[in-house]
Amino acid sequence: MTIPTTPGHLADGPAGTQSSARLDALSQAKRELFAQRLAGRRTDSDSSPAPITQLRDQKSVWSNSLSPAEERFWMAYTFEDQSSAYHIPITFRLSGSLDVPSLNEALRTVMARHEILRTRYELLPAGELTAVVDEPGTCTFEVVDADPDEDVRESLVRATEKPFDLATGPLLRPLLLRVGDDEYFLHITVHHIITDGWSIGNLIEELSVAYGAHVRGADPDLPELPLQYRDHAIWQRSQTEEFARQADYWKQALSGVPHELGLRTDRPRESRVMVPGKSVTVTFPKAAALNMARQTRTTLFMVLLAAYSVVLGRHAGREDVVVGTPVAGRQDPASEPLMGCFINTLVMRTDFSGDPTFRELLLRVRKWSLRAYENQSVPFQQVADSAIPRTGVRSTLIQAWLALQNFHNPTLEFPGVEAEDVFVTTDATKFDVTYYITELDDQLELEVEYDSSLFDESTMRKFAAEFADGLEAASSDPDRKISEIFKENR
């Protein structure tokens, strides 16, 4: 698993000599994080969201206190036929002497600490949606012997795709698949309504600490949590003035935005709620993209966004392209150790009218990105609904997605046990096209996830090739027109 981190950006204007030298000495990943914090300071202090404080009382049923993310995922669950696109798998292959009772104690420790992991969602007869927090109970890993006649990955995919019931819970499903003596697959499926990529990292770290302690017969040394996710949810619902201010910005910024991306497809688009998905993965050197970021004083994310937008625009026949990207939604440091769905979606609109050079395009992308991050707190659905009319449950504002994943989740660290991260995918997707880009040592790994009812694999491989080749060509001469750069790679 990898943590989808927030793409970074640098402030406008020339940098001083010392500042430039310090930035050049940083890794690209640290540059991204530094730049995000830098942009956060650009917002006036009197209009920044207030810090999260403990607002909840000690009760187990919450009315009118769901976060926008919880409401959004509940709507998706209700009207999209329980799509497994919203199921997040965590999988490790374990080799060694695993203490299963200590593993179950570790899981119970983590579940007891985080109320959100014990939350389910009931719709009352009057139509009121409530969050219900169950008691910690006795949650344990289901231990199952692997079927010798079935591929292990098929078993893991089936476990991931098994439907959740948001009303009855639980929304975290632990499985221990035994494949031999001292050989297991630890597999946890979590519904996105109670987690995000950052939370997965927290879960892995806390499981490691708690397991190590229980094996020794000691109490886990985990810091006390001053807040719970429900504090964040109630805080979000109190930010009406700040959200209104940011929504006004987005309404103006998205004026005249296309109602859909309009990609040319291999097959006609059909009305459906379940979106079948497949993926292809390619790797290519990241030197060209990094070199471009350094030349233009932008960030790796901005370079990738610019190139992705051009590829999409050329296949859609338009010069105004919208891409969605995730932000962590944890501006307040107090939220960092918490679990829950904090993630928000930012709208990245790229205009390449007038056939700019790639350098000029990057300036446009940087300007948009800076303003977008200054207005990142307002929930995406509020932005989308004010920009274009919704078609059914799903907004058509975002039909393409880009996520730069430049930090890996921690691995499980169990004494006497080797843990290997295992990647499990399901045949479901949320968008027409999604680019998941992961930084490796000297490569970029691009996973293209796509709606297989619309596109052939060969089309998506063409997208990936145009993207990688375009980056290489732009890096060699960023002052060429984008029509010249990408025409050679169509």
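Structure first, text after, so check above.
Draft legend 1. Here's a closer look at the packing of helix H9 (residues 287-296) against helix H13 (residues 457-476). Between H9 and H13, whose axes approach to 8 Å, the crossing angle comes to 40 degrees. In terms of orientation, H9 lies oblique with respect to H13. Here H9 runs over H13; the crossing is left-handed. Of the residues in H13, those touching H9 at Ala288, Ala289, Asn291, Met292 and Gln295 are Leu471, Glu472, Ala474 and Ser475. Residue classes in the contact of H9 with H13 are distributed as five nonpolar, three polar and one charged.

Draft legend 2. Up close: the pattern of salt bridges. Scanning the model with the defined rule gives 19 salt bridges in all. A salt bridge links Glu206 to Arg113, with the shortest nitrogen-to-oxygen separation between them at 3.0 Å. With a gap of 93 residues between them, Glu206 in helix H6 (residues 197-216) and Arg113 in helix H4 (residues 100-113) connect regions that are remote in the sequence. The class for Glu206 is buried, based on a relative accessible area of 8%. Judged by relative accessible area, Arg113 falls into the buried class, the value being 16%. When salt bridges with common partners are traced through the structure, they connect Arg120, Glu122 and Asp134 into a single cluster.

Draft legend 3. Just the sheet that holds strand E7 (residues 172-180), in detail. Spatial strand order, E6-E7-E8-E3-E14: five strands in an open sheet with mixed pairing. Two strands in the sheet have a free side with no partner beyond their single neighbour: strand E6 (142-145) and strand E14 (417-421). Strand-to-strand, the axes of this sheet are offset by a mean angle of 25 degrees, without reference to chain direction. Summarising the sheet, strand E3 (residues 87-96) and strand E8 (residues 183-191) pair through nine bridges and their orientation is antiparallel. Opposite His87, over in E8, you have His191 as the bridge partner. Contacting E3, E7, E8 and E14, H6 runs over the sheet at an angle of about 30 degrees to E3.

Draft legend 4. The pairing of E7, seen in detail. Examined bridge by bridge, E6 and E7 share four bridges and lie parallel to one another. Residue pairing in the sheet places Asp145 in a bridge with Arg178 of E7. In this view, the connection linking E6 to its parallel neighbour E7 by way of helix H5 (residues 152-161) has right-handed handedness. Where E7 lies against E8, eight bridges are found, and the strand directions are antiparallel. In the strand pairing of E8, Leu175 is matched with His187. Hairpin geometry of E7 and E8 is characterised by an intervening segment of two residues between the two adjacent antiparallel strands and by a positive phi of about 60 degrees at Asp182.

Draft legend 5. Structural view of the nonpolar core. Counting 77 residues, the largest nonpolar core has Trp250, Phe358, Leu397, Tyr435 and Phe467 as the members making the most contacts within it. The greatest single-element share of this core, amounting to 13 residues, is contributed by helix H10 (residues 300-316). When residues no more than four places from it in sequence are discounted, the contact partners of Tyr435 are Tyr308, Trp401, Leu402, Ala403, Leu446, Glu447, Val448, Phe463, Ala464 and Phe467. Counting residues in hydrophobic clusters, the runner-up holds 54 residues, among them Tyr184, Ile188, Leu338 and Val417.

What counts, and at which threshold
- Residues numbered from 1 in each chain as written.
- Predicted model: local features only at pLDDT ≥ 70, side-chain atom pairs only at ≥ 80, totals over all residues.
- Heavy atoms only, no water.
- Axes fitted to C-alpha atoms, helices over the stretch in contact; angles between N-to-C directions.
- Helix = DSSP H or I, 4+ residues; strand = E, 2+ residues; numbered from the N terminus.
- Parallel < 35°, antiparallel > 145°, perpendicular 65-115°, else oblique.
- Left-handed = near helix turned anticlockwise from the far one by under 90°.
- Contact = heavy atoms within 4.5 Å.
- Nonpolar A, V, L, I, M, F, W, Y, C, P; charged D, E, K, R; others polar.
- Salt bridge = Lys/Arg side-chain N within 4 Å of Asp/Glu carboxyl O.
- Buried < 20%, exposed > 50% of the residue type's maximum accessible area, 1.4 Å probe, protein only.
- Pairing = 2+ DSSP bridges.
- Right-handed = clockwise from strand over helix to strand, strands pointing away.
- Core = buried A, V, L, I, M, F, W, Y, C linked by side-chain atoms within 4.5 Å.

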